[in-house]
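This is what each chain is made of:
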Amino acid sequence: MNRLFQRKSILRPSPASMALSYVALGIWTFIVLFPLYWLVVTSLKLPIQVHEGPFYLPFVDFQPSLDAWYYIVAGDLSKDTWRTYLNTVIVAPISAVITLILGTASAYALTRFNYQPRLGAIFTFIGCAALAIVAIAFGVPWLVAIISALVIFFLLLSTIGRRFKRSMGNDDIAFWMISQRMLPPIAVVIPIYILFQQLNLLDTRTALIITYVTINLPIVVWLMRDYLRSIPIELEECAAIDGASRYRIFWSIVLPLAVPGLVATFLFVLVFTWNEYLLALFLSGAKAQTLPYVISSQNATRGPQWWNMSVLILIMIIPVIAMAIVLERYIARGLLVGAVKG
Amino acid sequence: MNFIKPVGILVLFVLLAVVAACGAPPTPETVTVVETVVVEKESEPVTVVETVEVVKEVEKIVEVEAEAAAKPFEGVEVNILTFVGPQVAEPLQRRGPDFTELTGATVNVVTVPNAELYQKALADLATGTNSFDGFLFAPQWIVDFAPAGFLEDLTDRVHNDEALEWDDIAPFFQDFNSYDGKVYSIPLDGDFHMVYYRTDLLEEAGLEPPRTWDDYLNIAKTLNGQDFDGDGEGDYGSCIAKARAQQSYWWIYSIAAPFIQSQGTSQGAFFNTETMEPLVNNDAFKRALEVYKETTDYGPPDELNLGVGDTRGLFTSGRCALSLDWGDIGTLAIDPENSNVQDKVGAVITPGSTQVLDWETGELVDCDETTCPYAVDGVNYAPYASFGGWAGAVNAAADDTVKDATYAFFSYMSQPAQANEDVTIGRTGYNPYRFSQFLNRQLWVKNGMSPEAAANYLGAIEASLNSPNMVLDLRIPQNQSYQQVELDRILAQYLAGELDTDQAAQEINDAWDEITDEAGREQQLEAYRATIGAN
Amino acid sequence: MQIDIKPQTQIEPNDKMTFLSRTWSKLSNWLERTSGSIFLWPAVLALLFLSIFPLIVSFYISLSRFSIALGGFELKFVGLDNYNRLLFGREQTHFLGLMAPPTPLSLFLFGLVVVGLAVFLVRYIRSSSVSLGGLLGRGVLVIGVAALVWILVHTLGPDGRPGTVAVTLIYVFVGIFFQYTLGLGLALLVVQKLPGRRFFRVVFLLPMMITPVGAAYMFRMVTDTSKGPFAPLWQGAGLTDFSWVTSPWGARVAILLADTWQWTPFMFIVLLAALESQATDVIEAATVDGANHRQIFRHITWPAILPVSLTLILIRMIEAFKIIDLPNVMTNGGPGTATESLTLQSFIAWRALNLGESAAIAYMLLFLVTFIAVSYVMLIRDRVVEKV
């Protein structure tokens, strides 16, 4: 009897707690999967079967139909579906990778270097940026405005700017970064739209990638900062004594150790960009539209087209699931890294 | 380590400038490229013979639109913005290739979700991006877009276009697509509310279709809770959409209209035409609020969260006895895939009232010859042209050839040869707006409506359209703020019980006054009088 | 001559090489010296490029009224009108909520918080490291917290009505509480060496991968009480004439359920990664020494995952304040204004072209998030991280 509650080895639970664990995991699995099952069932229904009340099992209590699947994948909407799908497939991974590179680098910098940006410099910069924008608002050509703001900034920096000696630290930089995510996208949609219009980048994937990189950078920096902190600095010190450069240390020591964190972070960023809706809607027209907009579009004057939506959500989630299954192995490797490290 | 070195800043700005400069030189616009293509094509004799195969009405259009070349818009690309189908966009996509065959112009239909259409169109126009040549949108928006010069004046084109048969379009819709006497859009759809009822249920219960809102409530009350479809569950007396941020601001005015307006269309139902005071803080509007709220008692339990699509689904699946809706239910009900109530649906003009508002006292008075000059059998009807139907407008900033092609496409879509078929198909979301559409019942019978149902449905439309007391939808600047923000929110709060009737009327009154004052009272009054023909 | 040439020809490549290697070593030295900047700057530049500009522009918009004008648009400067309307004008009951007259209970709760805050301030003043800045910051903090509690206590009472601020705060704090607890629990279960844990790992990630708009529609389907899968249960319980959407708290709970369903995976995956990267030998040693589960968790696991947890909560908090898709799709902010979040309120104003008010709401949200995030970092995160 006692053996039932005894664990055989570390991290391997006893049979009783294993059973309990399975029950708990099973309940949550059901909670997670049931809505998805409902999507699958709904995608096989005709409109009238949805409106008439709940039917649960195809073939048993209703006759399934592939009408909605046909409509989305091969029928009238297929052109829209595949075009937006392609855009999503291109935009999301590219922007996720770029974000991860930039974000991890600066997260590394924030954990290994000390920065002291001076308050005076920051305020003069913000002031000059505001000045430039006001000037542009009053009709000054924007290139002229930016250059003159630049000149003013340097003048101020070399005169007044030097008098303010107070400076900020790494944590302040990190907090400034995360604060860039605090403003709801709705407030910045119009300015960003105008920005990309000026750059002639509206309705391009490039615009979407740039936007997504900047909106997701703070998350990457914050998550990676915590991971990198937990990696012992001794290894790097040894490497530095052996004459390895910073970049080499970063590339061949820090990154491999941070793989679990990198993978998890990559997954988030991928998911965020894969699913982003509002900015994509505004920055894209016919060419660069992404998939979430097709889903949201299924709620038109006829009420939500549940069956079409279900199909779209399902085909949209499949590649991400595949990605999660592939990357899951790498997350698992985190355990090994931990063992080696000890 | 000194962090913000001037060098770093320099790098920053240089980079910014470089990035900016890279984008700066305007790339050659596609439109210009297209134009040269067109010129080339036109200059050489086009020898395309495929047009022979094109059907009869198609030839007619070719004659009208292009005398010299067989395909006047060869190579022209037209980008049209509308919301995602199947409704409304579907006919454009379906008929686009036909149009290309006919004229050579390629039509790209760009779709965005319904709720974002206005913002998207506006952002494109107001910032001068002009990536769309045509818009299929709500004519209510003309009042925002036309004065700013965004939309092409189509008056001359419309009157010189024989194939369009402009005079066949009901005068109400002609007006609704105009602003300041100029035509800015071509209707592809005609919208106003009607009441739908289940002929079988009312007959069984020995009830007449509702003539007044009191009748409506009585029928709903009587039939509510009975089992219509035999599944053992009680069904609902009335289904009217009430969800927030959907369209409840239109439903309330369908109910309020007959209580408020009795002296003909130019009297107005929203504001006092002398002072621009809202006509809401009075017994008539409060009565309408109460009626609207009472219908909740005879509806589905989650009616407060149902949009029009949900109530339509409920009605066509046979779970409701009454509903207030646009023309859509009529055509959806005959679609065997979507409907359990084929040939069981009747339609009548939106119910009226035997009492109307006295503008002086703010109280309800009984109908007589002076108070209700247009009453029928003592009942004042005021059908409300809510929304008014989808219409096609042309971007004034587009290239001339592109403008012509865009116009030609909307005209093509609205010509009887195409439109009279589209309005009889439920999934298009197009409802009748031409005389030929409701006079020629054969069209409807051909698409599956029984002759009686067609007579009934089209009769209700005709009765509404011919009413001299029709209520026009609000078409003054800021109409979105009046209706879709303030009225919608306060109505939702009222229906949810956060406000009582008096508070709700007072709040709408205050909110509207504030918008009016911000936008300029005189200006708004002027615009209001102009749009309802009160001058 | 030949002798002269020879060394020269030999030296020349040598010179070149030394030149090259000198430049190279110069360059690599320079790269090495500036590596701090090179690592950090790209991200800072990207943020400056796309964040500062919109931030300033939208602030200007919040001080103006947008209208369409001939050939384009016009922004008319109106000062603080938009803010004034939200805080003191017509939108007050919508934004802050309807304040009910105080009840004994609400006064008691408010008093409790005030006493707590007073103690906090007094403690600081008595401590050795008092500075003007620190005092000022704490003063602002105390006033802000007291104001928020005042609003919450008065609008959540029986006669009051929570405005969008209170509703948003409820979504954020209640939501995060459940998401974190569930996420941690699941991560602890999955980190065990159970057969089949890879399956659970992948399955538990699924909700996060659905686009929020899609998830919202899905939950509208699932929570529908007449056509949804739980309709028979609902009717069996005798609730045929009741629907959650008609009750303010019912609707809020439904939205919280959906939010928890979707965002628990976010907590789960990060916590799982954190648990997996902790050293197993410490746990092994502790087990050998006879420590039980609870002790191991309390003294080894918990301190190890605490920093990550706190960051995670901060990030999730910032995201949660922007909740819009769920209420927008599931209830449109109804019944009445019961489920309307700040972002949704901003969005509705924006959709009707009231860009000024929309931006003002967004900025109020920014102030609120910044205030709460800064307080969180100052009060909780920094202390805990320092302690560990």
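Notes on the structure in this doc start here. Owing to the predicted nature of the structure, the values given are computational and were not obtained by experimental measurement. (Residues numbered from 1 in each chain as written. Chains lettered and ligands numbered in written order. Predicted model: local features only at pLDDT ≥ 70, side-chain atom pairs only at ≥ 80, totals over all residues. Heavy atoms only, no water.)

## Some points on the overall build of chain A
Along its length, chain A carries 15 helices and two strands. Burial statistics for chain A: of 342 residues in total, 58% are counted as buried. For chain A, contacts bridging at least 24 residues in sequence account for 73% of all contacts bridging at least 6. Split by element, the accessible area of chain A, about 14,200 Å² in all, is 71% carbon and sulfur. (Helix = DSSP H or I, 4+ residues; strand = E, 2+ residues; numbered from the N terminus. Buried < 20%, exposed > 50% of the residue type's maximum accessible area, 1.4 Å probe, protein only. Contact = heavy atoms within 4.5 Å. Areas by Shrake-Rupley, 256 points an atom, 1.4 Å probe, with all protein chains shown as cover.)

## Observations concerning the pairing of strand E1 (residues 64–69) of chain C
Consecutive side chains of a regular strand alternate in pointing toward one face of the sheet and then the other. All names here are of chain C. Here six bridges tie E1 to strand E2 (residues 72–77), and the two strands are oriented antiparallel to one another. Looking across to E2, one finds that Ile-68 is bridged to Phe-73. Hairpin connection from E1 to E2: two residues lie between these consecutive antiparallel strands, with Gly-71 at a positive phi of about 75°. (Pairing = 2+ DSSP bridges.)

## Some details on empty space enclosed by the protein
In total, this model carries twelve cavities of 30 Å³ or more according to the counting rule given. By volume, the second largest cavity amounts to about 210 Å³. Around the second largest cavity sit 20 residues that line it, and Trp306(A), Arg220(C), Met221(C), Asp224(C) and Lys227(C) are the ones nearest its centre. Mapped onto the lining of the second largest cavity, the elements with two or more residues apiece are helix H1 (15–43) of chain A together with helix H9 (212–222) of chain C. Of the residues contributing to the lining of the second largest cavity, the split by class is seven nonpolar, seven polar and six charged. (1 Å grid on protein atoms, 1.4 Å probe; cavity = no way out; pocket = protein on both sides within 12 Å on 5 of 7 lines; lining within 4 Å. Points joined across faces, edges and corners; volume = space filled by probe spheres on them. Nonpolar A, V, L, I, M, F, W, Y, C, P; charged D, E, K, R; others polar.)

## Quick notes on a negative patch on the surface
Judged by side-chain charge, Glu52(A), Asp227(B), Asp229(B) and Asp231(B) come together as a negatively charged surface patch. Along the chain, Asp231(B) turns up in the loop between helix H10 (213–223) and strand E8 (236–239). (Patch = residues over 30% accessible without salt bridge, like charges linked within 9 Å, V, L, I, M, F, W, Y side chains within 5 Å. Salt bridge = Lys/Arg side-chain N within 4 Å of Asp/Glu carboxyl O. Lys, Arg positive; Asp, Glu negative; His and termini not counted. Charge placed at Lys NZ, Arg CZ, Asp CG, Glu CD.)

## With respect to the interface of chain A and chain C
In this complex, chain A contributes 111 residues to the contact, which on the side of chain C involves 102 residues. In this assembly, chain A packs against chain C so that about 10,000 Å² is buried in total across both faces, 79% of it on carbon and sulfur atoms. Per-residue buried area on chain A facing chain C is highest for Trp28(A), Met182(A) and Tyr247(A); these three make up 7% of the total on that side. Across the contact surface, chain A and chain C share one salt bridge. Glu319(C) is the salt-bridge partner of Arg181(A), the closest N and O atoms lying 2.3 Å from each other. Looking at which element gives the most residues to the side of chain A that touches chain C, the answer is helix H15 (residues 306–341) of chain A, with 19 residues. Split into classes, the residues belonging to the side of chain A that touches chain C amount to 84 nonpolar, 17 polar and ten charged. (Buried area = accessible area lost by both parts, 1.4 Å probe.)

## Digging into the packing of aromatic side chains
Residue and element names in this part refer to chain A. Under the definition given, this model contains 65 aromatic pairs over all chains. Here Phe-30 and Phe-34 contribute two aromatic rings whose centre-to-centre distance is 5.5 Å and whose plane-to-plane angle is 35°, an arrangement assigned as tilted. Of this pair, Phe-30 and Phe-34 both sit in helix H1, four residues apart, which is roughly one turn of the helix. Taking relative accessible area as the criterion, Phe-30 reaches 53% and is therefore assigned exposed. Residue Phe-34 is classed as buried on the basis of its relative accessible area of 14%. (Phe/Tyr/Trp six-rings, centres within 6.5 Å; stacked < 30°, edge-to-face > 60°.)

## Looking at the pattern of salt bridges
If charged atoms from side chains of opposite charge come close, those side chains can pair. Evaluation of the coordinates by the stated rule reveals 38 salt bridges over all chains. We note a salt bridge from Asp171(A) to Arg225(A), for which the minimum N-O separation is 3.2 Å. In this pair, Asp171(A) sits in helix H7 (residues 170–179) while Arg225(A) sits in helix H9 (residues 205–229), placing the two residues 54 residues apart along the sequence. Of the charged contacts, one joins Glu357(C) and Arg85(C) as a salt bridge, the two residues approaching to 2.6 Å between their closest N and O atoms. One end of the pair, Glu357(C), is in helix H16 (residues 355–387); the other, Arg85(C), is in helix H3 (residues 81–87), and 272 residues separate them in sequence. Each member of the pair Glu357(C) and Arg85(C) is classed as buried. A network of salt bridges, in which partner residues are shared, links Glu486(B), Arg489(B), Glu514(B), Glu518(B), Arg85(C), Arg90(C), Glu91(C) and Glu357(C).

## Considerations on the packing of helix H20 (residues 479–495) of chain B against helix H21 (residues 501–519) of chain B
All names here are of chain B. It is at 10 Å that the axes of H20 and H21 come closest, and there the two elements cross at 160°. Relative to H21, the element H20 lies roughly antiparallel. When the axes of H20 and H21 are compared, the crossing they make is right-handed. Between H20, through Ser-481, Tyr-482, Glu-486, Leu-487, Ile-490, Gln-493 and Tyr-494, and H21, the contact on the second element is made entirely by Thr-501, Ala-504, Glu-507, Ile-508, Ala-511, Trp-512, Ile-515 and Thr-516. When its residues are assigned to classes, the contact of H20 with H21 shows nine nonpolar, four polar and two charged. (Axes fitted to C-alpha atoms, helices over the stretch in contact; angles between N-to-C directions. Parallel < 35°, antiparallel > 145°, perpendicular 65-115°, else oblique. Left-handed = near helix turned anticlockwise from the far one by under 90°.)

## A word on the sheet that holds strand E14 (residues 391–394) of chain B
Residue and element names in this part refer to chain B. In spatial order, the strands read E2-E1-E3-E14-E6; together these five strands make up an open sheet with mixed pairing. Looking along the sheet, the strands with just one partner apiece sit at the ends: strand E2 (106–112) and strand E6 (185–187). With strand direction ignored, the average angle separating the axes of adjacent strands in the sheet is 25°. Bridge analysis of strand E3 (residues 134–137) against E14 gives four bridges, and the strand direction is antiparallel. Bridge assignment links Leu-136 to a residue of E14, and that residue is Gly-392.

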